[in-house]
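Structural overview for review
Here's the letter readout for the chains.
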Amino acid sequence: MKRLLSLLLLLCLAACGGGGGSGGGDSSGGSTGSGGNTGTLPPLGAGESAYTDMLAYSTAPSASLSSANEGAAVTKHTLTLGGHSLAYTATAGHLIVSAPGGGAPEASMFYVAYTLDGAAPGTRPVTIFYNGGPGSATVWLHLGSFSPKRLVTGIPATTATTPFALVDNAESLLDVSDLVFVDAVGTGLSEAVSPNTNQTFWGVDIDAGVMRDFVMRWLSVNQRTASPLFLYGESYGGPRTAVLARALQNAGVTLTGLVLQSPALNYNSNCGVTGEGACIGNTPSYAATGAWYQLVTPAPTDLASFMAQMRSFDDTKYAPGLTQFLAGGAFPSNLPPLLAGDTGISSANWSAHPNLSISQFQSLLLPGKITGLYDARMSVAAGSSLASEGDPSSTFLSSSFATQIGSYLHTQLRYDNNSTYVLLSNAINTWNFSHAGLALPDTVPDLAAALAADAKLSVMAGLGLNDLVTPFHVTENDLARLPAGSKVQTHTYSGGHMSYLDDTARPLQKADLTAFYASALSLHVSAAGLNARAMAATEKPRAITVGTQPTTRQTPIQQEALQTPMRDPWVPPHR
């Protein structure tokens, strides 16, 4: 049973950013072709072009394209943000990516890019978005977060009309950055090119390598290599970001900022993923959820203060007590009553289950009901249709995202293809999770290495208080391992894994992102100005040492990052 519960949590990570739908092959998603869409589309305007892609795409492990194309649909749109009308161009299609140096084609990757018309390409930021899984398409970030359009989900309520309405996004990041949403190989409409198969790229290092190649290809084709570059990864997209950042740096690409949405940076610290080990870091999420259901006694009057108290409690009382229990000692008798008051789970249940798992919490909190995993504020009756897949916060979202991505591509972006856009493939079943000598990835050292390689690089993590898949304090503990002085900030929001779906949290997150981008850009602009002045003041060319290591004592993880040899492990193994 414990293994089955662990598998459920791992599959939730696979959906990585939203309702996973049914996994496996081409079993979930919607056709992007005109089948099922009726009515006459408006005529295309100047500079616009529709595209009908005749290739058939598959996310099966053994699938590969014998040939590929780079066709794309181009459409013009406007969006009003903050009282200003923004004209932008949407491009939907594929790019063929190859390893650096002009190697053979690796994959044909599907993307949708939104670029602001009239902006200076050299200074206009570009953000690359991707969900995780592994095996999840990027539809969740694309139609849920900060693109020019978003779906109205109404969560945590489950009463919104389905399929969800697609509306202009008042919190889009288009006023801050150009936006590129890309599907990893074997998800959405992205597929390997022969002799590679989708399976070729299903591993931690090789996945980051082919994503690196897409980023470099998009920048080159669109003449944006001078643009400030941001990466935005969700869930498994978090570890992908850490490894991808190093791959890009090794390839000579400068990064400006990294955004981690509910990241799973270290699989080994998340008991829901491994199904074993200490569930340290979970109790603040349990407490936030208990407070949402008004089960905490005494009821907190200030959620932020309550969360600060719970972080301290987890670090100083629960973690030592649980460690003692797992080592064969007694669980401190004073903790179950305290945990009961703080979470809403009875003292008896805490005594019986000191290492309370996410699945146990999900089923015990509300008798006769089951809470969501992605968003624990969503609960339904056990045995109901929304509970049938084990996570109502996933099931409620899936069908609308699957339906609307096909309709949106056809009717508004004018891209057509009769293949199924797959929200969640079965990549997780055969994914190579090994990385840096570990069976499951710990990518905090990769992130530390990226920060050590560029002192200007900034990181922002956005975390949901009610996310049970990647509990926010687990991520905070992971990030706390980074060297002191790293330019890393964390923000927590009411809501779940996809905090941006919450109508209250999304404006707050947009404001935090806007401030983060401004700060990260100012660091790079200042550094560029200093370097330019230094070069202008030099009469004769001379060697300049960049990135000299500090003479102060380094932390163990910083030493590991700096001592790791530079290498490029992302060459496909079947060539």
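As shown above, the structure is provided for reference.
Residues numbered from 1 in each chain as written. Predicted model: local features only at pLDDT ≥ 70, side-chain atom pairs only at ≥ 80, totals over all residues. Heavy atoms only, no water.

Overview of the side chain of H491
Looking at the element boundaries, H491 is found in strand β18 (residues 488–493). Within the structure, the side chain of H491 is placed 3.4 Å from the side chain of D512, a separation counted as a polar contact. Setting aside chain neighbours within four positions, we find H491 in contact with M460, A461, G462, L463 and D512. (Helix = DSSP H or I, 4+ residues; strand = E, 2+ residues; numbered from the N terminus. Polar contact = N/O pair within 3.5 Å; in protein donor to acceptor, adjacent residues only side chain to side chain. Contact = heavy atoms within 4.5 Å.)

As for helix α11 (residues 392–411)
The end-to-end C-alpha distance of α11, which contains 20 residues, comes to 30 Å, matching closely the 28 Å that a straight helix rising 1.5 Å per residue would cover. In α11, a bend of some 30° at S398 exceeds every other bend along the element. Within α11, 16 of the 20 residues are buried, leaving the element largely enclosed by the surrounding structure. (Expected span 1.5 Å × (residues − 1). Bend = angle between axes of the 7 residues up to and from the residue. Buried < 20%, exposed > 50% of the residue type's maximum accessible area, 1.4 Å probe, protein only.)

Observations concerning the packing of aromatic side chains
The relative placement of two aromatic rings is captured by the distance of their centres and the angle of their planes. With the rule as written, the count across this model stands at 23 aromatic pairs. Following the ring pairs from residue to residue traces out a cluster consisting of Y88, Y114, F129, F146, F181, Y232 and Y500. (Phe/Tyr/Trp six-rings, centres within 6.5 Å; stacked < 30°, edge-to-face > 60°.)

A word on the nonpolar core
M109, I128, F214, W218 and L447 are the most contacted members of the largest nonpolar core, which totals 85 residues. When residues of this core are assigned to their parent elements, the largest contribution, nine residues, is made by helix α3 (residues 204–221). The residues contacting L447, other than those within four sequence positions of it, are A242, L258, L260, V459, L479 and L482. Grouped together as the second largest cluster of nonpolar side chains are 54 residues, Y232, L409, Y421 and Y517 included. (Core = buried A, V, L, I, M, F, W, Y, C linked by side-chain atoms within 4.5 Å.)

With respect to the pattern of salt bridges
Counted under the stated rule, the structure contains 16 salt bridges. For the salt bridge of K456 with D454, the shortest nitrogen-to-oxygen distance reads 3.1 Å. Residue class for K456 comes out partly exposed when judged on its relative accessible area of 28%. Residue classification places D454 among the buried residues on the basis of a relative accessible area of 10%. (Salt bridge = Lys/Arg side-chain N within 4 Å of Asp/Glu carboxyl O.)

So, the state of the cysteines
Enumeration over the complete set of coordinates arrives at one disulfide. One disulfide in the model links C271 with C279; its S-S distance is 2.1 Å. Taking the sign of the S-S torsion, about 105° here, the bridge from C271 to C279 comes out right-handed. For the residue pair C271 and C279, the accessibility class agrees, reading buried in each case. (Disulfide = S-S within 2.5 Å.)

Examining the environment of V459
Looking at the secondary structure, you find V459 in strand β17 (residues 458–464). Using a relative accessible area of 0% as the deciding quantity, one classes V459 as buried. Between the C-alpha atoms of V459 and Y232, which are 227 residues apart in sequence, the distance is 10.0 Å. Apart from the residues lying within four places of it in its own chain, the contact partners of V459 are L258, L260, L447, L451, K487, V488, Q489 and F516.

Regarding the environment of L366
As for its position among the elements, L366 is in the loop between α10 (358–364) and β13 (369–371). C-alpha separation for the pair L366 and G344, spaced 22 residues apart in sequence, amounts to 8.9 Å. If near-sequence neighbours (up to four positions away) are discounted, L366 is found in contact with Y293, L295, T371 and S379.

What about unusual backbone geometry?
For the bond running from S194 to P195, omega is 15°, close enough to zero to count as cis. Among the secondary structure elements, P195 is positioned in the loop between β10 (191–192) and α3. A cis amide bond, omega -10°, links T297 with the succeeding residue P298. By secondary structure assignment, the location of P298 is in the loop between α6 (283–292) and α7 (303–326). The phi torsion at S235 lies on the positive side, around 60°, for a residue other than glycine. By the secondary structure assignment, S235 is in the loop between β11 (229–234) and α4 (237–250). Positive phi outside glycine occurs at R414, with the angle close to 60°. Its place among the elements puts R414 in the loop between α11 and β15 (415–416). Judged by relative accessible area, R414 falls into the buried class, the value being 13%.

Quick word on the pairing of strand β9 (residues 178–182)
Side chains on a regular strand alternate between the two faces of the sheet. In terms of residue burial, β9 counts as a mostly covered element, since five of its five residues are buried. Both faces of β9 are covered, namely the face carrying D178, V180 and V182 and the face carrying L179 and F181. The pairing of strand β5 (residues 105–116) with β9 spans four bridges and is classified as antiparallel. Note that in β9 the partner of Y111 across the bridge is V182. The pairing of strand β6 (residues 126–130) with β9 spans four bridges and is classified as parallel. Note that in β9 the partner of I128 across the bridge is V180. (Pairing = 2+ DSSP bridges.)

Taken by themselves, the reported measurements are silent on function.
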